[in-house]
Amino acid sequence: MGNNRVSRPLVARRVAAMIALVSCAGVVSGLRAQSHYPSRIFVGAHGGADFSRVSFTPSVTQSFLVGGNAGLNFRYIEEKHFGFIVEANWEQRGWKEDFEDKPYSYSRSVDFIQIPVLAHIYFGNRGKFFINAGPSVSFMIGERTRANFDYDNVSSNPDFDTHITYQYALPADRKVDYGISGGIGGEFSVNTRNSLYIDARFYFGLADLVRSGRTEPVRGSNPMTISLSLGYWFRIK
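As the structure is a computational prediction, the values presented were derived from the model and not from experiment.

A.B. asks: So what about the overall build of the protein? Which residues, and what values?
C.D. replies: On a plain count of helices and strands, the protein comes out with 1 helix and 9 strands. Written out in order from the N terminus, the α and β elements of the protein read α-β-β-β-β-β-β-β-β-β. Burial statistics for the protein: of 237 residues in total, 45% are counted as buried. For the protein, the exposed surface amounts to about 12300 Å²; the carbon and sulfur share of it is 61%.

A.B. asks: Tell me about the pattern of salt bridges, residues and numbers included.
C.D. replies: Opposite charge on two side chains permits pairing when their charged atoms draw close. Considering all chains together, one arrives at 7 salt bridges under this definition. Put simply, Arg144 and Asp111 hold a salt bridge, and the shortest N to O gap is 3.1 Å. In this pair, Arg144 sits in strand β6 (residues 127-147) while Asp111 sits in strand β5 (residues 106-124), placing the two residues 33 residues apart along the sequence. Exposure remark for Asp111: the relative accessible area of 10% places this residue in the buried category. Residue Arg201 is joined to Asp199 by a salt bridge in which the shortest nitrogen-to-oxygen separation is 3.4 Å.

The rules behind each value
Numbering of residues starts from 1 in each chain and follows the order in which that chain's sequence is written. Selection of residues for local features in this predicted model requires a pLDDT of at least 70, selection of side-chain atom pairs for listing and counting requires 80 or more, and totals for whole chains, interfaces and linings are taken over all residues. As a convention, hydrogens and water are excluded, and side-chain values are obtained from all of the structure's heavy atoms. Strands here mean DSSP runs of E at least two residues long; helices mean DSSP runs of H or I at least four residues long; both are numbered from the N terminus. Note on classification: 1.4 Å probe, protein chains only; a residue is buried when its accessible area is under 20% of the maximum for its type, exposed when over 50%, partly exposed between these limits. Per-residue and other accessible areas were derived by the Shrake-Rupley procedure at a 1.4 Å probe size, with only the shown protein chains allowed to occlude residues. By definition, a salt bridge exists where a carboxyl oxygen of Asp or Glu is found within 4 Å of a side-chain nitrogen of Lys or Arg.

Shown next as structure tokens:
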């Protein structure tokens, strides 16, 4: 059991490194490519909903916390079927606990400014199917806790004898987060310069959301988010 806890983050970091290397290699290859295909530059914006939870060790029973996302986009395409995207996003991450049949509620929402750099692979002409993947870095800008009980004094409540409560006292003090994003979507041209797209994306954070470690009661707290968003592209070149 102990070996599994150590190997899981190591495997995640290796996968992240591989995705980052592939994405960066693809971007460099696209920028250096010499072909007859004219380069294109787009700017845009998007907004949507986030469904997030946290991979705690030891595990905490949860349901998805629903939040929001919004951002500005830049896309550069040098080759047919390949380009890269840089975004500046506001995103909510966190978790919502599941108390089953007990009349309690608890959720922690943490706001981030996220900057992903994504390899962009697409297929089709006026209607496009695309795949985006790459690394991202995020900066925490605030957090909120909502609960209908005194989570600073749960030891006096017998209903919490079997419920894990270590995480309540731990702040979200990781100011910088890093992770990997990947997703799929579809883009639909309105005319030669304007298009709409829908994007479904999964994010896995490699840093801990709350204070975690070997000497802490929570040994790991990796955030995970599923995002659904609707966006707009305007071609400026």
